[in-house]
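Here is how the chains run, residue by residue.
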Amino acid sequence: QAFTPPGDFMTVLRSMLALHLDRLDLNVDYVARLFGISRQSLQRTLKANGTTLMKEIAVLKKNRACDDLAKTHKTISEIATALGFGSAVSFTRAFKTWTGQSPSDFRRNPKGT
């Protein structure tokens, strides 16, 4: 039986994850502890919703990164840190995977994605 918190599970999960995107240890164990459930229960519930924790985190980080690059003057390093990346290089690599563009190129042309 999958755990279902009050409200729509995925909405609650995404809201909670958005508050913790800066954490380097944002993983299944950490999120399960936040919800007060076992990692197996969390993974089962995510699977029942057709997703994984890593997919959900990646979508949230991509969306936040795109917003920050398009709407703020934060440096790429500041954005990387705020999204829990160990370095601007690792953030840039992930961003290119998500969008096909470097963060700098995206900032110059945010409508390109």
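Attention here is on the structure that accompanies the text. Only a predicted model underlies this, so the values are computations on that prediction, with no experimental measurement involved. (Residues numbered from 1 in each chain as written. Predicted model: local features only at pLDDT ≥ 70, side-chain atom pairs only at ≥ 80, totals over all residues. Heavy atoms only, no water.)

## Topic: the packing of aromatic side chains
Applying the stated rule across the entire model yields 6 aromatic pairs. Judged by centre distance (6.3 Å) and plane angle (70°), the rings of F95 and W98 are edge-to-face. A residue pair is termed a helical-turn pair when its members lie 3 or 4 positions apart in one helix, as F95 and W98 do in helix 6 (residues 88-99) at 3 residues. For W98, a relative accessible area of 23% corresponds to the partly exposed category. Its guanidinium or amino end placed over the ring of F85, K61 lies 4.8 Å from that ring's centre, counting from NZ or CZ. (Phe/Tyr/Trp six-rings, centres within 6.5 Å; stacked < 30°, edge-to-face > 60°. Helix = DSSP H or I, 4+ residues; strand = E, 2+ residues; numbered from the N terminus. Buried < 20%, exposed > 50% of the residue type's maximum accessible area, 1.4 Å probe, protein only. Lys NZ or Arg CZ within 6 Å of the ring centre and 35° of its normal.)

## Points about the pattern of salt bridges
On inspection of all chains with the given rule, the structure shows 6 salt bridges. Across the pair K71 and D67 runs a salt bridge, and its minimum N-O distance is 3.7 Å. You can see K71 and its partner D67 sitting in helix 4 (residues 53-71), 4 residues apart, about one turn around the helix. By relative accessible area, which is 67% here, K71 ends up exposed. Notably, a salt bridge pairs D68 with K74, separated by 3.5 Å at the nearest N-O pair. (Salt bridge = Lys/Arg side-chain N within 4 Å of Asp/Glu carboxyl O.)

## Details of the packing of helix 1 (residues 9-18) against helix 3 (residues 39-48)
Where helix 1 meets helix 3, the axes come as close as 11 Å, and the angle between the chain directions of the two elements is 120°. With respect to their mutual orientation, helix 1 and helix 3 come out oblique. Read as a crossing pair, helix 1 and helix 3 show a hand that is left-handed. Of the residues in helix 3, those touching helix 1 at F9, M10 and L13 are L42, T45 and L46. Its residues placed into classes, the contact of helix 1 with helix 3 shows 5 nonpolar, 1 polar and no charged. (Axes fitted to C-alpha atoms, helices over the stretch in contact; angles between N-to-C directions. Parallel < 35°, antiparallel > 145°, perpendicular 65-115°, else oblique. Left-handed = near helix turned anticlockwise from the far one by under 90°. Contact = heavy atoms within 4.5 Å. Nonpolar A, V, L, I, M, F, W, Y, C, P; charged D, E, K, R; others polar.)

## Structural notes on helix 3
Buried within helix 3 we find S41, L42, T45 and L46. Projected onto a plane normal to the axis of helix 3, the buried residues spread over an arc of 130° and lie on a single side. For helix 3, the exposed residues set more than 90 degrees away from the buried face come down to K47 and A48. Where helix 3 terminates, the next one or two residues include G50, which has phi positive at roughly 75°. (Arc of directions from axis to C-beta.)

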